[in-house]
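Now for the letters of each chain:
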Amino acid sequence: QVSKDGTVKRAYSLPDGQLIESVLMPYGDGRRTACISSQAGCAMGCVFCATGQMGFARQLTASEIFEQVLRFHLELLEKGE
């Protein structure tokens, strides 16, 4: 999913059925920030947050974390960035 400002949001379904998201946000000066999930769910329980309402499920594996970074990296390479 890509928003009007160029922010890219990705949802991943993990092999155990857990859902995670990662986000790549652009800035006017050419920088980008990637928000990468490190766990499935969240224990904070914030009422305004869908992830918080899911509760904590588990920590992600190193390969699950790396895959999020790799996908954004490859996408930026394709764009010549």
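Residues numbered from 1 in each chain as written. Predicted model: local features only at pLDDT ≥ 70, side-chain atom pairs only at ≥ 80, totals over all residues. Heavy atoms only, no water.

**Concerning the overall build of the protein chain**
Within the protein chain one finds 2 helices and 5 strands. In terms of overall dimensions, the protein chain has C-alpha extents of about 40 × 30 × 15 Å along its principal axes. Looking at the protein chain as a whole, 23% of its 81 residues are labelled buried. Long-range pairs, those at least 24 residues apart, make up 30% of the contacts in the protein chain with a sequence separation of at least 6. Charge centroids of the protein chain, computed over 8 positive and 9 negative side chains, lie 4 Å from each other. (Helix = DSSP H or I, 4+ residues; strand = E, 2+ residues; numbered from the N terminus. Buried < 20%, exposed > 50% of the residue type's maximum accessible area, 1.4 Å probe, protein only. Contact = heavy atoms within 4.5 Å. Lys, Arg positive; Asp, Glu negative; His and termini not counted. Charge placed at Lys NZ, Arg CZ, Asp CG, Glu CD.)

**Let's talk about the sheet that holds strand β2 (residues 19–26)**
Note: strands within a sheet are paired through backbone hydrogen bonds, in either parallel or antiparallel orientation. The strand order across the open sheet formed by 3 strands is β1-β2-β3, and the pairing between neighbours is antiparallel. A strand with exactly one partner marks an edge of an open sheet, and here the two such strands are β1 (8–13) and β3 (32–35). The average undirected angle you get between the axes of adjacent strands in this sheet is 15°. (Pairing = 2+ DSSP bridges. Axes fitted to C-alpha atoms, helices over the stretch in contact; angles between N-to-C directions.)

**Re the confidence of the model for the protein chain**
Fine structural detail should not be taken from predicted coordinates in areas where pLDDT scores are low. Of the residues in the protein chain, 99% reach a pLDDT of 70 or more, and the chain-wide mean stands at 90. Confidence, read as mean pLDDT per element, is least for helix α1 (residues 50–54) in the protein chain (73) and greatest for helix α2 (residues 62–78) (96). (pLDDT = per-residue confidence, 0-100.)

**Points about the pattern of salt bridges**
Taken as a whole, this structure holds 8 salt bridges when the rule is applied. A salt bridge links Arg 32 to Glu 81; the nearest nitrogen and oxygen atoms lie 2.6 Å apart. Of this pair, Arg 32 sits in strand β3 while Glu 81 sits in the segment after α2, and the two are 49 residues apart along the sequence. Taken together, the shared-partner salt bridges in this structure form one network comprising Arg 10, Glu 75 and Lys 79. (Salt bridge = Lys/Arg side-chain N within 4 Å of Asp/Glu carboxyl O.)

**Digging into a nonpolar patch on the surface**
On the surface, Phe 66, Leu 70, Leu 74 and Leu 77 cluster together into a nonpolar patch covering about 370 Å² of accessible area. Within the secondary structure, Leu 77 is located in helix α2. (Patch = residues over 30% accessible without salt bridge, like charges linked within 9 Å, V, L, I, M, F, W, Y side chains within 5 Å. Areas by Shrake-Rupley, 256 points an atom, 1.4 Å probe, with all protein chains shown as cover.)

**Topic: the pairing of β3**
Pairing of β2 with β3, which is carried by 4 bridges, proceeds in the antiparallel orientation. Across the sheet, the residue bridging to Val 23 is Cys 35, located in β3. Between the antiparallel neighbours β2 and β3 lie 5 residues, among them Gly 30 with a positive phi of about 95°.

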